[in-house]
Amino acid sequence: TVGIPILSLGEFEEFMRFEKDLAGLLMRSFPELGQPVGIELGSGSSSSLRIAYPEGGEEWRLIIKQGQNSLELLRNIELALGALRDDPKNMGKVLSYVDARLGQKLFSKFTE
């Protein structure tokens, strides 16, 4: 139906703050992973942020659950991305997605 808000104003503002904080985290600690370029609100309580690699062309997704504590979520993402980057088995692979909907358990997928 046209004209029905998907998010309350407070939820929208929190989501936009999270996107800005995520962009800062990526720029500061993981510039090789790019910057957010879009948001996809999913059905139910999950959403994803599309993040474009700096070289262009490819994107990866960060899947989150709406209503998560932003500071805790960013901290978990930073720890997970650092561990993924430092894992030798991921060298030469392209990050496809990180699923952060389960709190401290983050799941990821890479492609060759």
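Residues numbered from 1 in each chain as written. Predicted model: local features only at pLDDT ≥ 70, side-chain atom pairs only at ≥ 80, totals over all residues. Heavy atoms only, no water.

Student: Would you take a moment to explain the overall build of the protein for this structure?
Tutor: Along the protein, the regular secondary structure elements total two helices and five strands. Starting at the N terminus and walking to the C terminus, you meet the elements of the protein as α-β-β-β-α-β-β. Along the first, second and third principal axes, the C-alpha atoms of the protein reach 45 × 30 × 25 Å. By element, 55% of the accessible surface of the protein is carried by carbon and sulfur atoms, the whole surface being about 7100 Å². (Helix = DSSP H or I, 4+ residues; strand = E, 2+ residues; numbered from the N terminus. Areas by Shrake-Rupley, 256 points an atom, 1.4 Å probe, with all protein chains shown as cover.)

Student: I tried to follow the pattern of salt bridges on my own but got confused; where do I start?
Tutor: Once the charged atoms of two side chains with opposite charge are near each other, the side chains can pair. A complete count under the given rule lists six salt bridges for this structure. Of the charged contacts, one joins lysine 93 and glutamate 112 as a salt bridge, the two residues approaching to 3.8 Å between their closest N and O atoms. With lysine 93 in the loop between α2 (70-86) and β4 (94-102) and glutamate 112 in the segment after β5 (105-111), this pair connects stretches of sequence that are 19 residues apart. For glutamate 112, a relative accessible area of 74% translates into the label exposed. Between arginine 101 and aspartate 99 there is a salt bridge whose closest N-O contact spans 2.6 Å. (Salt bridge = Lys/Arg side-chain N within 4 Å of Asp/Glu carboxyl O. Buried < 20%, exposed > 50% of the residue type's maximum accessible area, 1.4 Å probe, protein only.)

Student: Explanation requested: the environment of serine 47 in the structure shown.
Tutor: You can see serine 47 is positioned in strand β2 (residues 46-52). Judged by its relative accessible area of 3%, serine 47 is buried. Considering only alpha carbons, one finds serine 47 and arginine 61, 14 residues apart in sequence, at a separation of 9.8 Å. Once residues within four sequence positions are removed from consideration, serine 47 is found in contact with Phe15, Glu40, Leu41, Gly42, Leu62, Ile63, Ile64 and Gln66. Within the structure, the side chain of serine 47 is placed 2.7 Å from the side chain of glutamine 66, a separation counted as a polar contact. (Contact = heavy atoms within 4.5 Å. Polar contact = N/O pair within 3.5 Å; in protein donor to acceptor, adjacent residues only side chain to side chain.)

Student: Can you walk me through a nonpolar patch on the surface in this structure?
Tutor: A cluster of nonpolar side chains, contributed by Leu9, Phe12 and Met16, occupies part of the molecular surface with about 300 Å² of accessible area. By the element assignment, methionine 16 lies in helix α1 (residues 9-29). Owing to a relative accessible area of 32%, methionine 16 belongs among the partly exposed residues under this scheme. (Patch = residues over 30% accessible without salt bridge, like charges linked within 9 Å, V, L, I, M, F, W, Y side chains within 5 Å.)

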